[in-house]
2 protein chains.
Amino acid sequence: MTAPHQLILTALPDVPLVQPGDDLAALVLDGLRAGGMTLQSGDVLVVAQKVVSKAEGRLVCLNDVVPSPPALNLAEEVGKDPRLVEVILGESSEVVRSRPGLLVVEHRLGFVSANAGVDHSNVAGEPGREGEPWVLLLPEDPDASARHLGEALEAATAAVVGVLIIDSHGRAWRMGTVGVAIGVFQFPALLDLRGHPDLFGEPLRITQVGLADEIAAAASSLMGQADEGRPFVHVRGLPYPLREGSLAELLRSKSVDLFR
Amino acid sequence: MTAPHQLILTALPDVPLVQPGDDLAALVLDGLRAGGMTLQSGDVLVVAQKVVSKAEGRLVCLNDVVPSPPALNLAEEVGKDPRLVEVILGESSEVVRSRPGLLVVEHRLGFVSANAGVDHSNVAGEPGREGEPWVLLLPEDPDASARHLGEALEAATAAVVGVLIIDSHGRAWRMGTVGVAIGVFQFPALLDLRGHPDLFGEPLRITQVGLADEIAAAASSLMGQADEGRPFVHVRGLPYPLREGSLAELLRSKSVDLFR
């Protein structure tokens, strides 16, 4: 019997609803304890964007937003609340596609997604204003958020771990969203296999692997969508060593992208 | 301590190089035995496209191919072997983008990918003609291949399992390939969450999840790229019930795709 390669993903149990100001590292450590787990060097922690944004207080109340003329025009075209469109444009560097019901933008962080990741599901809002229309923006700097969490976990456990902050993105050509990384700490986001020969000495067909997105997708399948009860997924058994990494590795610049 | 949600992916060990005519179900059962594992109902088996294609003998020798005038023209533009381009066009319903070094097509199966999945790495060719330039096409009908394998495994073990046949695809907007499903048997390829309210009774932002692609990506991260030593990945703990499913669920038709 040969010891097999094994990847084990575990959603941390009993995670409470995250509130602005919450300490994510403490919540992760509580969740690990609740699951009877410990962190080891080489482990990866995958975190749903939504709880990072909530902890960082990235809430906006649409009643506080005054839409600009461009937002008013675009809102008319896509059939969305002009205040929401104003918030989306504020998070975007460019509108990539728009049509009724759909607004695809390049987020200021550089990736392409619907509505710049601005979310109005599962958002309770500030105390005393719960009945108002709140939306949640992505973290200001997800790489920094990932680093902050990873360093706090390392300080608490002495384990050298990777951290991915993930969101769900739609795709060109294929139906359904999949988890993708929007923040990366200490993880080989893009595996570069160029120069590795195949079994017969020929160049490989596949030369760069979006490993952070593959692990994001794996973790996303465990998190579910209808609640935020499983926002933290622990990953053990990544068959590659950790290294410094960032979201930027995963972004195809507009100038070399044939599908903008 | 709460029992956590856990997804466990295990690459079957000791899988030999697959040859035309090989019985994939027998190889999977051997691999499970080598790993000390058994199949249970609800498990999923993820299989690299390459070994399915090899077992099905989907090999073409470029020395046997005569390129057509359109293939000659396109080969000139993209800088590829005209015989390879002829094979790619034969597997494609449409050229989506072409430029030097790149040929993105709609495969006859309906998905968009580079080179129609035609691969010339790790292809040994037929005995006696190993020195010639061989390429490997995708399976003729990956859903049928997945069904064939799934039914054989069920017959051998009485376990009701899902099967995904996966390839690695590049993406618009993001760097690096990720595993995606190209053949589906008895698996909820697209999860439809429309109509599920969020925690506060609001509609969900994410309504359809490409679950087969998320599990494909997860398994792909374990398979590696530089060899075909880990083409079978066993998945336990999928947090959704199995059901009938197919590749078609994952395909966005050209008429509603803004990125062709």
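Residues numbered from 1 in each chain as written. Chains lettered and ligands numbered in written order. Predicted model: local features only at pLDDT ≥ 70, side-chain atom pairs only at ≥ 80, totals over all residues.

## Here's the deal with the nonpolar core
One broad trend across soluble globular proteins is that nonpolar side chains are buried collectively.
And step 1. Counting residues in hydrophobic clusters, the biggest one holds 158 residues, and the most contacted among them are Leu-164 of chain A together with Leu-164 of chain B.
And step 2. Apart from the residues within four sequence positions on either side, Leu-164 of chain A is in contact with Val-44, Val-46, Ala-146, Ala-181, Gly-183, Val-184, Phe-187, Ala-212, Ile-215 and Ala-216 of chain A. (Core = buried A, V, L, I, M, F, W, Y, C linked by C-beta atoms within 7 Å. Buried ≥ 20, exposed ≤ 12 C-beta atoms within 10 Å, placed from the backbone. Contact = placed C-beta atoms within 7 Å.)

## Quick notes on the packing of helix α1 (residues 24-34) of chain B against helix α5 (residues 142-157) of chain B
All names here are of chain B.
And step 1. Closest axis-to-axis distance for the α1/α5 pair is 9 Å, and the angle between their directions is 55°. As judged from the angle between their axes, α1 and α5 are oblique. For the pair α1 and α5, the sense of crossing is right-handed. Facing Leu-24, Ala-25, Val-28 and Leu-29 of α1, the residues of α5 in contact are Leu-149, Ala-152, Leu-153 and Ala-156.
And step 2. When grouped by side-chain class, the residues that make up the contact of α1 with α5 number eight nonpolar, no polar and no charged. (Axes fitted to C-alpha atoms, helices over the stretch in contact; angles between N-to-C directions. Helix = DSSP H or I, 4+ residues; strand = E, 2+ residues; numbered from the N terminus. Parallel < 35°, antiparallel > 145°, perpendicular 65-115°, else oblique. Left-handed = near helix turned anticlockwise from the far one by under 90°. Nonpolar A, V, L, I, M, F, W, Y, C, P; charged D, E, K, R; others polar.)

## A look at the domain arrangement of chain A
Residue and element names in this part refer to chain A.
And step 1. Each assigned domain of chain A is listed with its residue range as follows: domain 1 (8-56 + 139-250) and domain 2 (59-136).
And step 2. Centre-to-centre separation of domain 1 and domain 2, based on C-alpha positions: 26 Å.
And step 3. Residue-level contacts link eleven residues of domain 1 with eight residues of domain 2.
And step 4. Put simply, the parts of the chain that give the side of domain 1 that touches domain 2 at least two residues each are α2 (49-55) and β8 (162-169). (Domains from an automatic or database assignment.)

## With respect to the environment of Arg-236 of chain B
Residues and elements named next belong to chain B.
And step 1. If you trace the backbone, Arg-236 turns up in strand β12 (residues 232-236).
And step 2. Residue classification places Arg-236 among the partly exposed residues on the basis of 16 C-beta atoms within 10 Å.
And step 3. Between the alpha carbons of Arg-236 and Pro-100 there is a distance of 43 Å; along the sequence they are 136 residues apart.
And step 4. Leaving out residues up to four positions away in the same chain, Arg-236 has contacts with Ile-8 and Asp-43.

## Some words on the sheet that holds strand β4 (residues 92-99) of chain B
All names here are of chain B.
And step 1. Pairing is antiparallel in the open sheet, where three strands are placed in the order β4-β5-β6. Looking at strand neighbours, the two that pair on one side only are β4 and β6 (112-114), the edges of this open sheet. On average, adjacent strands in this sheet sit at an angle of 25° to one another, irrespective of strand direction.
And step 2. Of the strand pairs in this sheet, strand β5 (residues 102-107) and β6 are connected by three bridges, and their pairing is antiparallel. Residue pairing for β6: Glu-106 is matched across the bridge by Val-112.
And step 3. Its contacts with the sheet put helix α3 (residues 69-78) on β4 and β5, and the angle it makes with β4 is roughly 30°. (Pairing = 2+ DSSP bridges.)

## Thoughts on the sheet that holds strand β6 (residues 112-114) of chain A
Residues and elements named next belong to chain A.
And step 1. Here three strands make up an open sheet; going across it, the order is β4-β5-β6 and the pairing antiparallel. Edge positions in the sheet fall to β4 (92-99) and β6, since each of these pairs with one other strand and no more. For this sheet, the mean inter-axis angle between neighbouring strands, taken without regard to orientation, is 25°.
And step 2. Inspection of the sheet shows β4 paired to strand β5 (residues 102-107) by six bridges, in the antiparallel sense. The residue of β5 that forms the bridge with Ser-98 is Leu-103.
And step 3. Helix α3 (residues 69-78) rests against β4 and β5 of the sheet, and its axis sits at about 30° to β4.

## Quick notes on the packing of α3 of chain B against helix α4 (residues 82-90) of chain B
Residue and element names in this part refer to chain B.
And step 1. At a closest axis distance of 8 Å, the pairing of α3 and α4 adopts a crossing angle of 115°. The two elements α3 and α4 meet at a crossing, and its hand is right-handed. Residue-level contacts link Pro-70, Ala-71, Leu-72, Leu-74 and Ala-75 of α3 to Pro-82, Val-85, Glu-86 and Leu-89 of α4.
And step 2. Per-class residue counts for the contact of α3 with α4 are eight nonpolar, no polar and one charged.

## Focus: helix α5 (residues 142-157) of chain A
Residues and elements named next belong to chain A.
And step 1. In this model, α5 (16 residues) spans 22 Å end to end at C-alpha, consistent with the 22 Å of a helix rising 1.5 Å per residue.
And step 2. For α5, every residue scored as buried is listed here: Pro-142, Asp-143, Ser-145, Ala-146, Leu-149, Gly-150 and Leu-153. Viewed end-on, α5 has its buried residues packed into an arc of 160°, placing them on one side of the element. Along α5, the residues that are exposed and aim more than 90 degrees away from the buried face are Ala-144 and Ala-155.
And step 3. The elements touched by buried residues of α5 are α1 (24-34), β2 (44-48), α2, β8 and β9 (178-185).
And step 4. In the stretch just after α5, Ala-158 is the one whose phi turns positive, near 70°. (Expected span 1.5 Å × (residues − 1). Arc of directions from axis to C-beta.)

## Remarks on α1 of chain B
Given 3.6 residues per helical turn, the α-helix brings residues three or four places apart onto the same face.
All names here are of chain B.
And step 1. For α1, the full list of buried residues reads Leu-24, Leu-27, Val-28, Gly-31 and Leu-32. Buried positions in α1, seen along its axis, are confined to an arc of 140° and lie on one side of it.
And step 2. Immediately downstream of α1, the backbone of Gly-36 shows phi near 70°, a positive value.

## Structural notes on the pairing of β12 of chain B
Residues and elements named next belong to chain B.
And step 1. Of all five residues that make up β12, four are buried, and the element is covered over most of its length.
And step 2. Bridging between strand β2 (residues 44-48) and β12 involves four bridges; their strand directions are antiparallel. In the strand pairing of β12, Val-44 is matched with Val-235.

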